[in-house]
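For reference, the chains in residue letters:
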Amino acid sequence: MDKIRNFCIIAHIDHGKSTLADRLLQFTDTVSEREMQDQLLDDMDLERERGITIKSHAIQMEYDFGGGKYILNLIDTPGHVDFSYEVSRSIAACEGALLIVDASQGIEAQTISNLYLALENDLEIIPVLNKIDLPGAMPEEVADQIVDLIGCNRDDIIHASGKEGIGIEEILKAIIEKIPAPKGDPAEPLQAMIFDSVFNSYRGIEVYFRVFNGSIKKGDKVKFVNTGKVYDADEIGVLKLNQESTNEINAGNVGYLISGIKVAKEVKVGDTITHVDNPTKDAIMGFEDVKPMVFAGIYPVETSEYEELRASMEKLQLNDASLVWEPETSVALGFGFRCGFLGMLHMEIVQERLEREFDMTVITTVPSVEFHAIQSDGGIILVNAPSEMPEPNTISHIEEPFIRAQIITKSDYIGAVIALCMDKRGAIKNQVYLTSDRVELTFELPLSEIVFDFFDRLKTISRGYASLDYELIGFRKSNMVKLDIMLNGDKVDALSAIVHREKAYEWGKRLCEKLRELLPRQMFEIAIQAAIGTKVIARESVRALRKNVLAKCYGGDITRKRKLLEKQKKGKKRMRQVGNVEIPQEAFMAVLKLE
Ligand code: GTP
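Here the structure is a predicted model, which is why all the values come from computation and not from measurement.

## Things to note about the nonpolar core
Point 1. With 84 residues, the main nonpolar core has Ile407, Phe454, Leu487 and Ile583 as its most contacted residues.
Point 2. Setting aside residues no more than four positions away along its own chain, Ile407 makes contact with Val417, Cys421, Val439, Glu440, Leu441, Phe443, Phe454, Leu458, Ala466, Ser467 and Leu468.
Point 3. Cys94, Leu99, Ile125 and Ala137 belong to the second largest nonpolar core, which has 36 residues in total.

Shown next as structure tokens:
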């Protein structure tokens, strides 16, 4: 066990984690040149394309710098705030962390939040100043920030470039010399923590775990403590570039388990694996079900594709346990699904995967957070769709989720950032200068205000020099109302939203204007109205088309006519007919782009 090191890499998004991981794998000959592809650990297509790590992965390296062979288990972590729960479990499986900071960017919000997670878990931190090859690198200044942040010696900071392969050997040495070997007792009952699971269409769910005590052998009967489910360990092994099956994995080490599990939901990240005979008394750590933060309806564009969409969602859920959904009906859109996502990025990913992997064309409705409708007897009704909002006179009040947000920006932009957060109904709670021109601002804000365009606006007003991290802090009383949209007098339920009363007028007005731009003109005038209850608060109209498009064809040329109709049909791809009005997909998402 003293020759094992378990570590993760923590960094703000884009600071070069995946690139550096690739270099470590190359340097330790874990992969050959031929096998090497950029960002090897990101093996989902979507990950590569977006250049982000969506799921955590683990890989084992071997390295010998003269003192014997060491086993180094690298546990990769996602960098986006939507996936922070996975980061926390990966961190809990390690004894040390490389803290990577981009030398041209400096410390950002997720650098700090991930560092705190690592410190809470008593991880040894190895600071790495990355991308020193960049002309814009500011190694001295950023080193100062790192020293301030973690209180290390300047000399402890390794200067590196994942791109150029600088500092790689030094990092490997530091991992071996500074990160403590795992502790644990191989003779104790088995205690292994699940830090990730991956769906494989041939082999079922692969469970990634770290053994804390005891050992697991091929063929063992094991139990997952929290779910209470029992499995046979059909195959266990270590995670090299490819999986290598073994007969036993001992305390301190990391491995995978395959036991014919078909559904991702059965495997909870954070759960403890033990033996059915001689079980451990304690689960390794507290355990949370990951909660969705954002909800939206997903509907097939063609109503006839409902069953196909259901089958696709079921398959998607097999490998994405954080996706939750239930059937929903909308007057406007017909049969579809109400889905819960970890955040907006997760929502986009799900939509994209449905389209790419399952060839579905879907309409996504206005995203919403979960509100609590508090009844007069104190009971709570969960409201995660506008249609579920009770009549105001039947409840005591509404509560909405609040977050604590950490924003790191340049001091030049403090004013603009504060103004934005105030506009989003936020309150500033703290302001700390990290250096003379970088400041960390802490706000409390309603989650519903962050969900929409907050991050984009933050980036715009700060010219890209702002990073954001947040956590949920609880529910607070808020004056929320349901805003409905009517087209030619018909309420379009899929366009309803729950908004703060003070913002309802502005919101209604802008939404009507936006819809006026987005709705295609038709043979008749379309009246667009926004209403709270029965009170109309804004209106617009789309003028009627004068002529029939087909009139142009003078009735003569049938092929031309067909072509024109064909063209219209294609244009209809993402349209929905509601009453007699055609609504394009953009309209359902218009609220996201109200600014
Ligand atoms: P996420 O997985 O999304 O969190 O990103 P990441 O932190 O893994 O960053 P990634 O390795 O994908 O690198 C982000 C960008 O920085 C890519 O365009 C890389 O090519 C570039 N990059 C990474 N390391 C270096 C480096 O040492 N020098 C320079 N110049 N660019 C680098």
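Let us keep going from here.
## Comments concerning the UniProt feature "binding site: GTP" (unreviewed entry) in the protein chain
Point 1. In the numbering used here, UniProt assigns the "binding site: GTP" (unreviewed entry) feature to Asp14, His15, Gly16, Lys17, Ser18, Thr19, Asn130, Lys131, Ile132 and Asp133.
Point 2. Along the chain, the position of His15 falls in the loop between strand 1 (4-11) and helix 1 (17-27).
Point 3. With relative accessibility at 3%, the residue His15 sits in the buried group.
Point 4. Contacts of His15, omitting those with residues within four sequence positions, involve Ile100, Val101, Asp102, Gln105, Gly106, Glu108, Thr111, Asn130 and Lys131.
Point 5. Structurally, Lys17 can be placed in helix 1.

## Side note on helix 12 (residues 501-518)
Point 1. Given a rise of 1.5 Å per residue, 18 residues ought to cover 26 Å, and the 25 Å separating the end C-alpha atoms of helix 12 matches this to within 8%.
Point 2. Listed as buried for helix 12 are Ala504, Trp507, Gly508, Leu511, Cys512 and Leu515.
Point 3. Buried residues belonging to helix 12 abut strand 27 (480-487), strand 29 (497-500), strand 30 (526-532), strand 31 (535-542) and helix 14 (585-588).

## A word on the packing of aromatic side chains
Point 1. Taken as a whole and assessed by the stated rule, the structure comprises 6 aromatic pairs.
Point 2. Centroid distance Phe27 to Tyr63: 6.2 Å. Interplanar angle 55°. Geometry classified as tilted. With a gap of 36 residues between them, Phe27 in helix 1 and Tyr63 in strand 2 (residues 58-64) connect regions that are remote in the sequence.
Point 3. Taking the relative accessible area as the measure of exposure, Phe27 reaches 38% and is therefore partly exposed.
Point 4. For the ring pair Phe195 and Tyr208, a centre distance of 6.2 Å and an interplane angle of 55° mean the geometry is tilted. You can see Phe195 sitting in strand 7 (residues 191-200) and its partner Tyr208 sitting in strand 8 (residues 204-213), a full 13 residues away along the chain.
Point 5. Look at Tyr208 and you get buried, because its relative accessible area is 7%.

## Examining the sheet that holds strand 13 (residues 243-246)
Point 1. One open sheet holds the 8 strands; their spatial order is 11-10-16-7-8-15-12-13, and the pairing between them is antiparallel. The strands lining the two open edges of the sheet, one partner per strand, are strand 11 (230-232) and strand 13. Ignoring strand direction, the axes of neighbouring strands in this sheet form an average angle of 40°.

## Remarks on the sheet that holds strand 5 (residues 124-130)
Point 1. Taken in spatial order, the 6 strands make up an open sheet running 2-3-1-4-5-6, and their pairing is mixed. Each edge of the sheet is formed by a strand with only one pairing partner; in this case those strands are strand 2 and strand 6 (158-159).
Point 2. Relative to strand 4 (residues 96-102), strand 1 is paired through 5 bridges, and the arrangement is parallel. Paired with Ile10 across the strands is Leu99, a residue of strand 4.
Point 3. Packed on one face of the sheet, helix 5 (residues 139-150) meets strand 4, strand 5 and strand 6 and runs near 165° to strand 5.

Calculation criteria
What you see as residue numbers is a count from 1 along each chain, following the sequence as written. Residues qualify for local features only when their pLDDT is at least 70, as the model is predicted, and side-chain atom pairs are given and counted only at 80 or more; totals for whole chains, interfaces and linings, by contrast, use all residues. As a convention, hydrogens and water are excluded, and side-chain values are obtained from all of the structure's heavy atoms. The set of buried Ala, Val, Leu, Ile, Met, Phe, Trp, Tyr and Cys residues whose side-chain atoms join them within 4.5 Å is what this entry labels a nonpolar core. Exposure classes here rest on a 1.4 Å probe applied to the protein chains alone. A residue is buried below 20% of its type maximum, exposed above 50%, and partly exposed in between. Working rule for contacts: check all heavy atoms of both residues, and any pair within 4.5 Å makes them a contact. UniProt positions are given in the numbering used here, feature names are shortened, and annotations may be inferred rather than shown by experiment. Counting from the N terminus, the helices are DSSP H or I runs at least four residues long and the strands are E runs at least two residues long. Expected helix span is taken as 1.5 Å per residue step, with the number of steps being one fewer than the number of residues. We call Phe, Tyr and Trp rings a pair once their centres come within 6.5 Å, taking the six-membered ring for Trp, and we label the pair stacked below 30 degrees between planes, edge-to-face above 60, and tilted otherwise. Should DSSP find at least two bridges between two strands, the strands are taken to pair. Every axis in this analysis is a line fitted to C-alpha atoms, fitted for helices over the stretch in contact. Angles between the N-to-C directions lie between 0 and 180 degrees.

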